[in-house]
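Examination of the molecular architecture
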Amino acid sequence: MKRSGVVISCLALMTMAFLYLPLLAVAFFSVNATKYGLVWKGFTLDWYVKLFSNEVILGAAVNTLELAVISTVISTVLGTILAIGIDRFPWSKRSATSLDMILHLPVVIPDIILAAALVVAFGMLRLVSSWFEPGMLNMVIGHVTFQIAFVALVVRSRLDAVGKDIEEAARDLFASNTYLLRHVTLPLILPGIVAGAMLAFTLSLDDFVISFFTAGTDSVTLPIYIYAAVRRVVTPEIHALSTLVLLATVLLVIGTERVSRRFQQR
Amino acid sequence: MHNIIIWYGELTSVRSLLKRGLLFLSPGIAWLLVFLVLPGLVLVAVSFASRGSYGELIWSFSFENYSRLAGFGMFGWTADYLTIVWRSIVVAFFTSLISVLLSYPLCFFIAARPERTRFLWLTMLIIPFWTNMVIRSYSWFLILAPELPFAQVAARLGIIPEGSPLYPSVLAVYLGMVSLYLPFVALPLYSSIEKLDWSLVEAAQDLYASRSRIFLHAILPQTLPGLSVGIILTFVPAMGMFVVPDLLGGAKYMLIGNLIQQQFSTSRDWPFGAAISMGLMVLTMGSLYFYRKKSRGGTIL
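Residue indices follow the written sequence of each chain, beginning from 1 at its first position. By the order in which they are written, chains take letters starting at A while ligands take numbers starting at 1. Local features in this predicted model are restricted to residues of pLDDT 70 or higher, and side-chain atom pairs are both shown and tallied only at a pLDDT of 80 or more, whereas totals for entire chains, interfaces and linings draw on every residue. Hydrogens and waters are ignored; side-chain quantities use all the structure's heavy atoms.

Glancing now at the overall build of chain A. Numbering of helices and strands starts at the N terminus; helices are DSSP runs of H or I of at least 4 residues and strands are runs of E of at least 2. Within chain A, the secondary structure is distributed over 11 helices and 0 strands. For chain A, the N- to C-terminal ordering of α and β elements is α-α-α-α-α-α-α-α-α-α-α. Any pair of residues with heavy atoms lying within 4.5 Å of one another is described as a contacting pair. Long-range pairs, those at least 24 residues apart, make up 72% of the contacts in chain A with a sequence separation of at least 6. The Shrake-Rupley method, run with a 1.4 Å probe, gives the accessible areas here. Residue values count only the displayed protein chains as cover. Summed over all atoms, the accessible surface of chain A reaches about 12700 Å², with 67% contributed by carbon and sulfur.

The number of helices and strands found in chain B is 12 helices and 6 strands. As defined in this context, the radius of gyration uses C-alpha atoms, and a globule is described by 2.2 Å times the residue total to the power 0.38. In terms of overall dimensions, chain B is more spread out than a globule: its C-alpha atoms have a radius of gyration of 25 Å, far above the 19 Å expected for 301 residues. Projected onto its principal axes, the C-alpha positions of chain B cover 65 × 65 × 35 Å. Per-residue burial over chain B gives 51% buried out of 301 residues. The long-range fraction of contacts in chain B, counting pairs at least 24 apart against all pairs at least 6 apart in sequence, stands at 62%. Neither His nor the chain ends contribute to the count of charged residues, in which Lys and Arg are positive and Asp and Glu negative. Lysine's charge is taken at NZ, arginine's at CZ, aspartate's at CG and glutamate's at CD. Here chain B contributes 20 positively and 13 negatively charged side chains, and the mean placements of these two sets differ by 6 Å. For each residue, the accessible area found with a 1.4 Å probe, counting protein chains only, is set against the maximum for its type, and the residue is called buried under 20%, exposed over 50%, and partly exposed in between.

Keep in mind that most residues, glycine aside, have a negative phi and that most peptide bonds are trans. The omega torsion across Y167(B) and P168(B) is -5 degrees, close enough to zero to call that bond cis. Phi is positive for F174(A), which is not a glycine, with a value near 65 degrees. Following the sequence through the fold, F174(A) ends up in the loop between α7 (165-172) and α8 (177-206). Here F174(A) falls in the exposed class, since its relative accessible area comes to 76%. The backbone of R268(B) sits at a positive phi, close to 45 degrees, despite the residue not being glycine.

What follows is about the environment of I214(B). Residue and element names in this part refer to chain B. Following the sequence through the fold, I214 ends up in helix α9 (residues 211-239). In this structure, the C-alpha to C-alpha distance between I214 and E202, residues 12 residues apart in sequence, is 9.0 Å. If near-sequence neighbours (up to four positions away) are discounted, I214 is found in contact with V201, A204, Q205, A209 and I219.

Residues and elements named next belong to chain A. Its 24 residues give helix α1 (residues 6-29) an end-to-end C-alpha distance of 33 Å, which sits within 8% of 34 Å, the value for a rise of 1.5 Å per residue. At every residue, the bend is computed as the angle between two fitted axes, covering the seven residues ending there and the seven beginning there respectively. When the local axis directions of α1 are compared, the greatest deviation, roughly 35 degrees, occurs at Y20, which is followed within four positions by the proline P22. The set of residues buried in α1 consists of S9, A12, T15, M16, F18, L19, Y20, P22, L23, A25, V26 and F29. A helix is expected to span 1.5 Å for every residue after the first.

Let us look at the side chain of S219(A). All names here are of chain A. Mapped onto the fold, S219 is located in the loop between α9 (209-214) and α10 (222-232). Each polar contact in these results corresponds to two N or O atoms within 3.5 Å; when the atoms are within protein, one needs to be able to donate a hydrogen and the other to accept it, and residues that are neighboring in sequence are counted only if both atoms are side-chain atoms. One polar contact links the side chain of S219 to the main-chain amide nitrogen of G216, over a distance of 2.9 Å. In this structure, S219 is in contact with N63, G135, M136 and M139, ignoring residues within four places of it in sequence.

With that out of the way, let us pick up the packing of aromatic side chains. The relation between two aromatic rings is expressed through the spacing of the ring centres and the mutual angle of the planes. Side-chain rings of Phe, Tyr and Trp (the six-membered ring for Trp) are treated as a pair once their centres are within 6.5 Å; stacked means planes under 30 degrees apart, edge-to-face means over 60, and tilted covers the remaining angles. Going through the model one piece at a time under the given rule, you end up with 30 aromatic pairs over all chains. Measuring from centroid to centroid gives 4.7 Å for F28(A) and W40(A), while their planes differ by 25 degrees, and the two rings are stacked. Note that F28(A) is positioned in helix α1 and W40(A) in the loop between α1 and α2 (46-51), a separation of 12 residues in sequence. Owing to a relative accessible area of 39%, W40(A) belongs among the partly exposed residues under this scheme. One aromatic cluster is present, formed by F208(A), F212(A), F213(A), Y227(A), F242(B), F264(B) and W270(B) through successive ring pairs. Positioned above the aromatic ring of F109(B), the side-chain terminus of R113(B) is 3.9 Å from the ring centre. Either the NZ atom of lysine or the CZ atom of arginine qualifies as a charge over a ring when it sits within 6 Å of the ring centre and within 35 degrees of the ring normal.

The next thing to look at is the environment of I276(B). Positionally, I276(B) belongs in helix α12 (residues 270-294). Counting along the chain gives 206 residues from I276(B) to A70(B), while the straight-line C-alpha distance between them is 10.0 Å.

Turning to the state of the cysteines, a few remarks are in order. When the sulfur atoms of two cysteines come within 2.5 Å, that pair is taken as a disulfide. Evaluated as defined, the whole model comprises 0 disulfides over all chains. In this structure C10(A) is a free cysteine whose sulfur lies 17 Å from that of C107(B), the closest cysteine sulfur available.

Our next topic: the packing of helix α3 (residues 80-111) of chain B against helix α7 (residues 170-194) of chain B. All names here are of chain B. Working convention: axes come from line fits to C-alpha atoms, limited for helices to the stretch in contact. Angles between N-to-C directions cover 0 to 180 degrees. Running from amino to carboxyl end, α3 crosses α7 at an angle of 50 degrees, the nearest separation of the two axes being 7 Å. Classed by the angle they form, the pair α3 and α7 counts as oblique. By crossing handedness, the relation of α3 to α7 is classed as right-handed. In what follows, roughly perpendicular refers to angles from 65 to 115 degrees, roughly parallel to angles under 35, roughly antiparallel to angles over 145, and oblique to any angle outside these ranges. Two helices that cross are described as forming a left-handed crossing if the nearer one is turned anticlockwise from the farther one by less than a right angle, and a right-handed crossing if clockwise.

Moving on to the pattern of salt bridges. Salt bridges are defined by distance alone: a side-chain nitrogen of Lys or Arg within 4 Å of a carboxyl oxygen of Asp or Glu. Enumeration according to the criterion identifies 5 salt bridges over all chains in this entry. Among the ionic pairs, D246(B) bridges to R231(A), the shortest N-O distance being 3.4 Å. Placement of D246(B) in helix α10 (residues 243-249) and of R231(A) in helix α10 is noted, with the two residues assigned to different chains. Overall, D246(B) belongs to the buried group, its relative accessible area being 19%. Here D269(B) and R68(B) are joined by a salt bridge, their closest N and O atoms 3.0 Å apart. Of this pair, D269(B) sits in the loop between α11 (256-264) and α12 while R68(B) is found in helix α2 (residues 64-69), placing the two residues 201 residues apart along the sequence. Linked through salt bridges whose partners overlap, the residues forming this network are D87(A), R88(A) and E167(A).

A word on the side chain of H143(A). All names here are of chain A. Inspection of the secondary structure assignment puts H143 in helix α6 (residues 136-162). A polar atom in the side chain of H143 sits 2.9 Å from the side chain of S204. Those residues within four positions of H143 in sequence are excluded, and the remaining contacts are L67, S71, S204, D207, I210 and S211.

Here we take up the pairing of strand β1 (residues 4-7) of chain B. Strand pairing requires that DSSP identify at least two bridges connecting the strands. In terms of strand pairing, β1(B) meets strand β2 (residues 10-13) of chain B through 4 bridges, oriented antiparallel. Of the residues in β2(B), the one forming a bridge with I4(B) is S13(B).

Glancing now at the interface of chain B and chain A. Taken together, the contact between chain B and chain A spans 88 residues of the former and 94 residues of the latter. We define buried area as the total accessible area lost by two parts upon association, computed with a 1.4 Å probe and summed across both. Roughly 8500 Å² of surface becomes buried between chain B and chain A when both sides are summed, with 81% attributable to carbon and sulfur atoms. Of all residues in chain B, Y8(B), F24(B) and W130(B) give up the largest surface area on contact with chain A, accounting jointly for 10% of the area buried on that side. Applying the counting criterion to the chain B and chain A interface returns 1 salt bridge.

So this is what it looks like as C-alpha cells:
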C-alpha cells in the first residue's frame, strides 16, 4: 500500500517551495518596474526589451550556443565510437577495468580539478602555439573532455540493452563489418546516441566552472556573464536574463523527456 | 596464437578483433589521454614547482606547496588552510545529510502521487537539477534581501543590523548548497523508492515494528543503492564548490574551491593551486574508496 501521511506531504511541499521560491523570486522581480531595491513598483517588460538591444548579452548567448553545439557534435561522435569500441570487442578483464576507470574519471572528479588541470596544460601549450590563448578553442576542448565520458556511458548502456541477437542474425546473413555498423548497430543504438547528445548539450549549456577557467575576454558565456554581473550589482536586467535561461531549461527538460519517451515506445 | 572465436556471429580470431577494436577506441581514448590524463600529470608536476615573483613557473622540485597547505609558512605554523579544508568537508557532509533528510519525504510524496501527476512532480524535480548553478545561487540574494520578511524578522530578533541582508553568512551558504544539491540526492533516491517492495513494509507493520524500525530495517536497506549514488553525487562536488560560498559566504567563509580559484586568478600562484587541487583529489578518492567499501556492488551511473 502506498500512502503519504500529512506530515510527509507537508515536508515535501515545503521542500519543493524551498527549491522554487528563489527561482520564482527571480522571475517576479524581472518584471518589476524599479531598477533598484526589491519593492514592487508595477509590472513592466522593459528589462526583457533591453536585453535584446544589449550586444554583450547577445554575444554571450551566441557564444554559449556555439560552444554547446560544437562540443556536443565532437563529443557525440567520439563518445559513440568509444562506447562501441569498449562494448563490442572481447577485451581482457584488466583492460576492460582500466577503460572503465578512464571513462568514469571525468564523471567523478570535481570539475574544478579538471578546470585547474586544463588551465595549467593550456599554459604549457601556449609556449608552443598561440592557439591556446584562453578562448573558444580551450572551452570546446574542456567541454568535450567531460562530455565524452557521459555520451559513452549512455551509449554503452544502450548497447548493453540492445544485446547481440540482431547483430548475430545480420552476420549470419553475411553482413560485412561496415554494413553491420551502418545498417544494424547504429540504427539500433540511435536512441542512446540521441540521449547522450542531449545530455552532452545540456551539460555544456549548464557548465560554469570549466568555462570560467578557460574563457577569454571575447568568449564569455551567459553563466559567466551572469556571475560577473551579480558580483557587482544585481539588476532587474539580470533577473530577466536569468528568467529566460530558466525558461530555456524548462523547455529543454520537457523536450528531452518527450524524445526519450518516444524512443522508449518504439 | 590463433585464438579462433565466434563473436557476434562472426568467425574470427581474437587478434584481428582486438585490432579492429583498437581502431574504435583510439580516437576517444587519445582525446582523454591528451586532454585529461596528461593535464592531470602536468598538474601533479606543477604542484612540486614553485612560483616566481611575477607568477611564472620555476621548475624546482620541492614539497613547499604541500607544507604551505598544511600550514607551515614563513611565519611559523597556522591553521588557516587546514581550517578551510576541514570546513569544506563539514559543509559537504551537512549539505549531503540535510539533502538526504529532505529527500526521503519528498520522494515518498512523489511516489504516492497518482500516475498522471507523478510525472509532473518528477519534472519539477528535474528542472532545478538542470538549472544553472550561478542563477540558483544568486537567486538567494533576493530571498535574503533586507526588504523581504526573512531578513526583517532576523533584524527584529537582533541577529543582523536593521536594513542589511541575510547574506553573506553561513546560513546563506547552507541554503544555497542544499537547494543546489538536493535534486542530486532526490533523483537517484526516487529511482530506488519507486521500486520499493511495500510488502516488506507491510510485514513490518503487521509485526508491530515502530516507525523508526520500519524505516531502518524495511525501507533504508532497499533504498541504499539510490541513496549512495545520491550521496556521492552531492558530497564530492560539494567539497570542490566555489560559486555558492563565493556569492553567499563572502571572504570569511571560503572553501577549498575558492582557495583553488584564487590561486588561478588573483594570486596567480599555479603551483600552490595545483597542490590544493591534489589535496582535493585525495579527499575525492578517499570518499569514493570509503563509499565503495561501504556499499559493495553499486555503480555510479
